[in-house]
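Summary of the model geometry
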Amino acid sequence: MKALQKVSKFLSDYTSIVVIAIAVITFLVPGMMSWVNYKLFVDFVANKFTNQSIIIGIIMFSMGLTLTAQDFKILAKRPFDICVGAIAQYLIMPFLAFGITKVLGLSDGIGLGLILVGCCPGGVSSNIMSYLCGGDVAFSVGMTTVSTILSPFMTPLLVSYLASGAHISIKALPMFVSIVETVILPVAIGFLLNYLFGKKKTFMELQKIMPGIAVLGLACVVGGVVSSQGSKFFESGVVIFVAVLLHNGLGYLLGYGAGKLVGMNTAKKRTISIEVGMQNAGLATNLATTTAQFASTPESAIICAVSCTWHSISGTLLAGAFALKDKLSEKKQNN
């Protein structure tokens, strides 16, 4: 068990390296991760349920295992912070994606993928990044929890509204069902298990392994998309990478600005910056590859996959930069 916990910590500490390594290897050997895209069945709204869907569910289950009743009490005690965070999450990134799509003149499929990333909730990795940079972890968990709970309603509605001009019919119900299946139910099960067994020693030991499993899951999601879409990564040229960099980078900047606008302290500003900028691009990737109405625009999965990889890298870099700033300030004060 201790060995597995050490492996889990290593994977958590080097998330971006693990994800990039899997992506590169899969790009060179596409067949290695083709199993991720294996279709298991089709649900009642025509969504494909694949191995990737199960992996996303496991990632969200790992998040649920970290949630306690105390976390929800914290949300109740800090309604202003959580409200600001939720508004920033579902206002900044969706409309930023829409604006970038128009400015760069992205094709319907690529633009739809970027809008989908922007309309998804915050990613699980953002909680780790907030911890590493001295952010407000309780606030981070609260933002991720609330944005995830709201996602079955907000994600389909925002995508339907912002992508209404695309040559594709966006229906809210299939996306709603997919998010409930792969996000809400796994999180709820994880929370319930933590509520029932959270104080048992064996369960607590198992919890320490889950971050590593979540990292491996994220790497598999990226690998699955690279396996199916990797050969098309560079067909759209450099514009796809410019769009992802702008969306993510401006998300961090505007998120930080939102915190500053309402007078948050440094820890909270860092947290809201990371929460807003780091989207659950793994969920976006799953929706783009399994939800019925995206079947006609397979290229939308490409930008989701690029976002999934880059968000892990940039989040790690930003958290490191914040942590380095603190070390330099502390060193300066000591001198």
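A few words now on the overall build of the chain. Broken down by element type, the chain carries 15 helices and two strands. Against the 2.2 N^0.38 benchmark of 20 Å for 335 residues, the chain shows a C-alpha radius of gyration of 19 Å, consistent with a compact globule. Taken over the C-alpha atoms alone, the chain extends approximately 55 × 45 × 40 Å along its principal axes. Counting across all 335 residues of the chain, residues that qualify as buried make up 55%. Within the chain, contacts between residues at least 6 apart in sequence are counted, and of these 82% link residues at least 24 apart. By element, 71% of the accessible surface of the chain is carried by carbon and sulfur atoms, the whole surface being about 14,900 Å². In the chain, which carries 23 positive and 13 negative side-chain charges, the distance between the mean positions of the two groups comes to 8 Å.

Time to look at the packing of aromatic side chains. Inspection of every chain in the model, using the stated rule, returns five aromatic pairs. Centroid distance Phe-197 to Phe-203: 6.3 Å. Interplanar angle 45°. Geometry classified as tilted. You can call Phe-203 buried: its relative accessible area is 14%.

Right, let's get into the packing of helix 14 (residues 281–290) against helix 15 (residues 300–334). Where helix 14 contacts helix 15, the axes come no closer than 8 Å and their chain directions differ by 165°. Taken as axis vectors, helix 14 and helix 15 run roughly antiparallel relative to one another. Here helix 14 and helix 15 pass one another in a crossing that is left-handed. In contact with Ala-281, Gly-282, Ala-284, Thr-285, Ala-288 and Thr-289 of helix 14, helix 15 contributes Ser-300, Ala-301, Cys-304, Ala-305, Ser-307 and Cys-308. Taken together, the residues that form the contact of helix 14 with helix 15 break down as seven nonpolar, five polar and no charged.

The subject of this paragraph is the confidence of the model for the chain. Considering every residue of the chain, the mean pLDDT works out to 84; 93% of them sit at 70 or more. Helix 7 (residues 125–132) is the least confidently modelled element of the chain, averaging 73 in pLDDT, while helix 12 (residues 239–261) averages 94, the highest of any element.

Scanning the entire structure with this criterion turns up five salt bridges. Put simply, Glu-205 and Lys-208 hold a salt bridge, and the shortest N to O gap is 3.7 Å. Overlapping salt bridges, with partners in common, bring together Arg-78, Asp-81, Asp-136 and Lys-268 in one network.

What follows deals with the environment of Ala-305. Tracing the sequence through the fold places Ala-305 in helix 15. Along the chain, Ala-305 and Gly-224 lie 81 residues apart, while their C-alpha atoms are 9.0 Å from each other.

So, about helix 3 (residues 51–64). Its 14 residues give helix 3 an end-to-end C-alpha distance of 20 Å, which sits within 8% of 20 Å, the value for a rise of 1.5 Å per residue. By the criterion of burial, helix 3 is predominantly enclosed, with eleven of the 14 residues buried. Buried residues along helix 3 sit in contact with strand 1 (39–42), strand 2 (48–50), helix 8 (137–162), helix 9 (172–197), helix 11 (210–229) and helix 14. The N-cap of helix 3, judged by a side-chain oxygen 3.2 Å from the amide nitrogen of Gln-52 a few residues on, is Thr-50.

Bridge analysis of strand 1 against strand 2 gives three bridges, and the strand direction is antiparallel. Across the sheet, residue Val-42 finds its bridge partner in strand 2, namely Lys-48. Joining the antiparallel neighbours strand 1 and strand 2 is a turn of five residues, in which Ala-46 adopts a positive phi near 75°.

Turning to the packing of helix 1 (residues 2–13) against helix 11, a few remarks are in order. For any two helices packed against each other, the geometry is given by the interaxial angle and the distance between the axes. Look at helix 1 against helix 11: their axes get within 7 Å of each other, and the N-to-C directions meet at 50°. On the basis of their axis angle, the class for helix 1 and helix 11 is oblique. Classified by chirality, the crossing of helix 11 by helix 1 is left-handed. Contacts from Ser-8, Leu-11 and Ser-12 in helix 1 reach Met-210, Pro-211, Gly-212, Val-215 and Leu-216 in helix 11. Of the residues contributing to the contact of helix 1 with helix 11, the split by class is five nonpolar, three polar and no charged.

A rise of 1.5 Å per residue sets the reference length of helix 11, with its 20 residues, at 28 Å; its end C-alpha atoms lie 28 Å apart and thus fit the reference within 8%. Among the 20 residues in helix 11, 16 count as buried, and that is most of the element.

How each quantity is defined
- Residues numbered from 1 in each chain as written.
- Predicted model: local features only at pLDDT ≥ 70, side-chain atom pairs only at ≥ 80, totals over all residues.
- Heavy atoms only, no water.
- Helix = DSSP H or I, 4+ residues; strand = E, 2+ residues; numbered from the N terminus.
- Rg over C-alpha atoms; globule rule 2.2 N^0.38 Å.
- Buried < 20%, exposed > 50% of the residue type's maximum accessible area, 1.4 Å probe, protein only.
- Contact = heavy atoms within 4.5 Å.
- Areas by Shrake-Rupley, 256 points an atom, 1.4 Å probe, with all protein chains shown as cover.
- Lys, Arg positive; Asp, Glu negative; His and termini not counted.
- Charge placed at Lys NZ, Arg CZ, Asp CG, Glu CD.
- Phe/Tyr/Trp six-rings, centres within 6.5 Å; stacked < 30°, edge-to-face > 60°.
- Axes fitted to C-alpha atoms, helices over the stretch in contact; angles between N-to-C directions.
- Parallel < 35°, antiparallel > 145°, perpendicular 65-115°, else oblique.
- Left-handed = near helix turned anticlockwise from the far one by under 90°.
- Nonpolar A, V, L, I, M, F, W, Y, C, P; charged D, E, K, R; others polar.
- pLDDT = per-residue confidence, 0-100.
- Salt bridge = Lys/Arg side-chain N within 4 Å of Asp/Glu carboxyl O.
- Expected span 1.5 Å × (residues − 1).
- Polar contact = N/O pair within 3.5 Å; in protein donor to acceptor, adjacent residues only side chain to side chain.
- Pairing = 2+ DSSP bridges.

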